[in-house]
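Commentary on secondary and tertiary structure
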Amino acid sequence: QVQLVESGGGLVQPGGSLRLSCAASGFSFSKYAMNWYRQAPGKERELVAAITSGGDITNYVDSVKGRFTISRDNAKMTVYLQMDSLKPEDTAVYYCNARRTWDKRNFNYWGQGTQVTVSA
């Protein structure tokens, strides 16, 4: 069974830090690009950070560049999102996503999400 389980969310003050983790199981993790999305109430889901299967290339939405860092440990089958200098506008549910195209088929897996709230 495919499973992605996020953890590490919580309530922090502006300027604080959190590290989100996403533990994967049931699929070939090292062959998948991994992504972090977030969705705030009443807003569209947005791609926050992405990392290639080998971890060699990362990309970020402009609003988090310089503050967030995505990384992965393929041996542990885990992807991380280090979030520093958090702002109230970072408040959202953060979702882990695994994505791969193989043999002309798309594979797209999602975690359950973890709440991040940034508030004074």
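Refer to the structure printed above.
The structure reproduced in this document is the subject of the present report.

Conventions we followed
- Residues numbered from 1 in each chain as written.
- Predicted model: local features only at pLDDT ≥ 70, side-chain atom pairs only at ≥ 80, totals over all residues.
- Heavy atoms only, no water.
- Helix = DSSP H or I, 4+ residues; strand = E, 2+ residues; numbered from the N terminus.
- Rg over C-alpha atoms; globule rule 2.2 N^0.38 Å.
- Contact = heavy atoms within 4.5 Å.
- Areas by Shrake-Rupley, 256 points an atom, 1.4 Å probe, with all protein chains shown as cover.
- Phe/Tyr/Trp six-rings, centres within 6.5 Å; stacked < 30°, edge-to-face > 60°.
- Lys NZ or Arg CZ within 6 Å of the ring centre and 35° of its normal.
- Buried < 20%, exposed > 50% of the residue type's maximum accessible area, 1.4 Å probe, protein only.
- Polar contact = N/O pair within 3.5 Å; in protein donor to acceptor, adjacent residues only side chain to side chain.
- Pairing = 2+ DSSP bridges.
- Axes fitted to C-alpha atoms, helices over the stretch in contact; angles between N-to-C directions.
- Salt bridge = Lys/Arg side-chain N within 4 Å of Asp/Glu carboxyl O.

Turning our eyes to something else, we now look at the overall build of the protein chain. Across its full length, the protein chain carries zero helices and 11 strands. Tracing the protein chain from N to C terminus, the helices and strands come up as β-β-β-β-β-β-β-β-β-β-β. On C-alpha atoms alone, the protein chain measures out to a radius of gyration of 14 Å, which is about the 14 Å that the 2.2 N^0.38 rule sets for 120 residues. For the protein chain, the spread of C-alpha atoms along the three principal axes comes to 45 × 25 × 25 Å. Taking contacts inside the protein chain between residues at least 6 apart in sequence as the whole, the part at least 24 apart equals 54%. Here the protein chain has roughly 6500 Å² of accessible surface; of this, 47% comes from carbon and sulfur atoms.

One pass over the full model with this rule turns up six aromatic pairs. Three or more aromatic residues joined by ring pairs form one cluster here, namely Phe27, Phe29, Tyr32 and Tyr109. The positively charged end of Arg45 is found above the aromatic ring belonging to Tyr37, 5.0 Å away from the centroid. When the ring centre of Phe29 is taken as origin, the NZ or CZ atom of Arg72, which lies over that ring, is 4.5 Å away.

What follows is about the side chain of Arg38. As for its placement among the helices and strands, Arg38 is situated in strand E4 (residues 33–39). Residue Arg38 is classed as buried on the basis of its relative accessible area of 6%. Among the polar contacts made by the side chain of Arg38, one reaches the side chain of Asp90 at a distance of 3.0 Å. Within the local environment of Arg38, its side chain forms a polar contact with the side chain of Tyr94, the two groups lying 2.9 Å apart. Discounting residues that sit within four places of it in the chain, Arg38 has contacts with Glu44, Arg45, Glu46, Val48, Ser63, Val64, Phe68, Glu89, Asp90, Ala92, Val93 and Tyr94.

Moving on: the sheet that holds strand E8 (residues 78–83). Spatial strand order, E1-E3-E8-E7: four strands in an open sheet with antiparallel pairing. Each end of this open sheet is capped by a strand with a single partner; those strands are strand E1 (3–7) and strand E7 (68–73). Neighbour to neighbour, the strand axes of the sheet diverge by 15 degrees on average, direction disregarded. Pairing analysis gives five bridges linking E1 to strand E3 (residues 18–25), with the strands arranged antiparallel. Across the sheet, Val5 pairs through a bridge with Ala23, a residue of E3.

Our next topic: the pattern of salt bridges. Enumeration according to the criterion identifies five salt bridges in this entry. The shortest N-O distance in the salt bridge between Asp62 and Lys65 comes to 3.0 Å. Take Asp62: its relative accessible area is 61%, and that puts it in the exposed class. Two residues, Arg67 and Asp90, come together in a salt bridge whose shortest N-O distance is 2.8 Å. Of this pair, Arg67 sits in the loop between strand E6 (58–60) and E7 while Asp90 sits in the loop between E8 and strand E9 (92–102), and the two are 23 residues apart along the sequence. Each member of the pair, Arg67 as well as Asp90, carries the same accessibility label: buried. A single network of salt bridges, built from pairs that share partners, joins Arg38, Glu46, Arg67 and Asp90.

Any functional reading would require information beyond the geometric quantities listed.
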